[in-house]
Amino acid sequence: MDAFWMPFTANKQFKAAPRLLASASGMHYRDVDGREILDACAGLWCVNAGHARPRIVEAVKRQIETLDFAPNFSMSSPLPFVLAQRLAELSPGDLNHVFFTNSGSESVDSALKIALAYHRARGDGQRTRLIGREKAYHGVGFGGISVGGLPNNRKWFGPLLPGTDHLRHTLDIQRNAFSQGLPAHGLELAEDLERLVALHDASTIAAVIIEPISGSAGVILPPDGYLQRIRQICDKHGILLIFDEVITGFGRVGKAFAAQRVGVTPDIITAAKGLSNGCVPMGAVLVSERIHQAFAQGADNAIDLFHGYTYSGHPLACAAALATLDTYAEENLFEKAIELGDYWQQAIHSLKGLPNVIDIRNYGLIGAIEFAPRDGAPGTRGFDVFNDAFHKGGMLTRVTGDVIALSPPLIIEKTHIDQIFERLADIIRGVA
């Protein structure tokens, strides 16, 4: 096992006691020993329509037999245009132009570059500063980790991009512990943006990037009204607002995008993960009409945007994404997080009062359970719950420090919800 250097993994620990998955179908994996593993986190926040769905499988098989690759630099094939139109129809407001990438990280770096180039294209090139948030995760490109706010993702890689700054995060366990849905306290944290405007001057700030819900940091929710206030401040000062919806897009919290669920339309949305149901790597950047028009003012033979990837709009990924969108539509999966939201909320909050549980957070079909850290050994309690859930409980969860995060496939039923939290309750008691 030594040759594979695993990402975001304690390699020595893993290889001493591997957790290896061999197959998947619907709501479940099977490991290499043939045990059924209930998927409580949609793989890695991405398999929103469930595993090995026939329509998607057949679309990918058919496409690779028909057209395995086509370049999109001054050439193309029909599928990227069809998919872009479908995404434009799903998107909020006038975000009706789509730039394709291969991952959430690439989507974020592309969005940041588009924001900077937009201001330059309209004669406002001094707007070069990018604002992120503490505890934010925006992928692993240099742009994404520069605006991101997870210390371990940042500290190893030098000074990163110049000219970035960060709003405070919105996690406030002292005031908001065990909130059901969006927390009541913390709206005033949106005024951090006004403070940074005063510090740097609005004329230097290009964009603010925010996850509507921070997933990788342990499901950190925006206080009620927070995103609306950020939108207002951005409009006031001519700052672009980017929503990083790599996790929240495609039904995770209800509707196609969290922007629609919370009623706030950004200028740019980054997407990936659920776009192709995780089966072929793909990402996208959705931009508003005014942003796109700023790039469309040159001569007919002028390149609009000097940016792109060999596999932007890959035909195999497009086929997977189109079949995924069809599956979402046929099964009304974008509404499942709303239809099951109350049941999910009641089930996850049933864990309140178990040993060492200090907070529970939820919205849509996302949830997190946070544990008190062990003295001198932070993160070990959360890892033990994650590890025991897999080996003893037959369930895949996600661990971040002392937080267990949950985001099941949207095909989940109430019986699956019951199983998830019954098993977790037993595991938490055992780890205590």
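Provided above is the structure to which this section pertains.
Residues numbered from 1 in each chain as written. Predicted model: local features only at pLDDT ≥ 70, side-chain atom pairs only at ≥ 80, totals over all residues. Heavy atoms only, no water.

### So, the side chain of threonine 270
Now for step 1: Among the secondary structure elements, threonine 270 is positioned in strand S9 (residues 268-271).
Now for step 2: The contacts of threonine 270, once residues within four sequence positions are left out, are Ser107, Val108, Ala111, Ile242, Phe243, Asp244, Glu245, Val246 and Ala284. (Helix = DSSP H or I, 4+ residues; strand = E, 2+ residues; numbered from the N terminus. Contact = heavy atoms within 4.5 Å.)

### Here's the deal with the environment of threonine 400
Now for step 1: Within the secondary structure, threonine 400 sits in strand S14 (residues 398-400).
Now for step 2: A relative accessible area of 24% places threonine 400 in the partly exposed class.
Now for step 3: Here the alpha-carbon distance between threonine 400 and methionine 27, two residues 373 residues apart in the chain, equals 22 Å.
Now for step 4: Each residue touching threonine 400, except ones within four places of it in the same chain, is listed here: Ser216 and Ala217. (Buried < 20%, exposed > 50% of the residue type's maximum accessible area, 1.4 Å probe, protein only.)

### Let's talk about the packing of aromatic side chains
Now for step 1: A full pass over the atoms with the stated rule returns seven aromatic pairs.
Now for step 2: For the pair tyrosine 328 and phenylalanine 334, a centre-to-centre distance of 5.0 Å together with 40° between the ring planes defines the contact as tilted.
Now for step 3: Take phenylalanine 334: its relative accessible area is 13%, and that puts it in the buried class.
Now for step 4: Measuring from centroid to centroid gives 5.2 Å for tryptophan 344 and phenylalanine 421, while their planes differ by 70°, and the two rings are edge-to-face. Placement of the pair is tryptophan 344 in helix H15 (residues 341-349) and phenylalanine 421 in helix H17 (residues 414-431), with a sequence separation of 77 residues.
Now for step 5: Assessed through its relative accessible area of 0%, tryptophan 344 is described here as buried.
Now for step 6: Judged by its relative accessible area of 4%, phenylalanine 421 is buried.
Now for step 7: Through a chain of ring-to-ring contacts, the aromatic side chains of Phe250, Phe257, Tyr328 and Phe334 assemble into a single cluster. (Phe/Tyr/Trp six-rings, centres within 6.5 Å; stacked < 30°, edge-to-face > 60°.)

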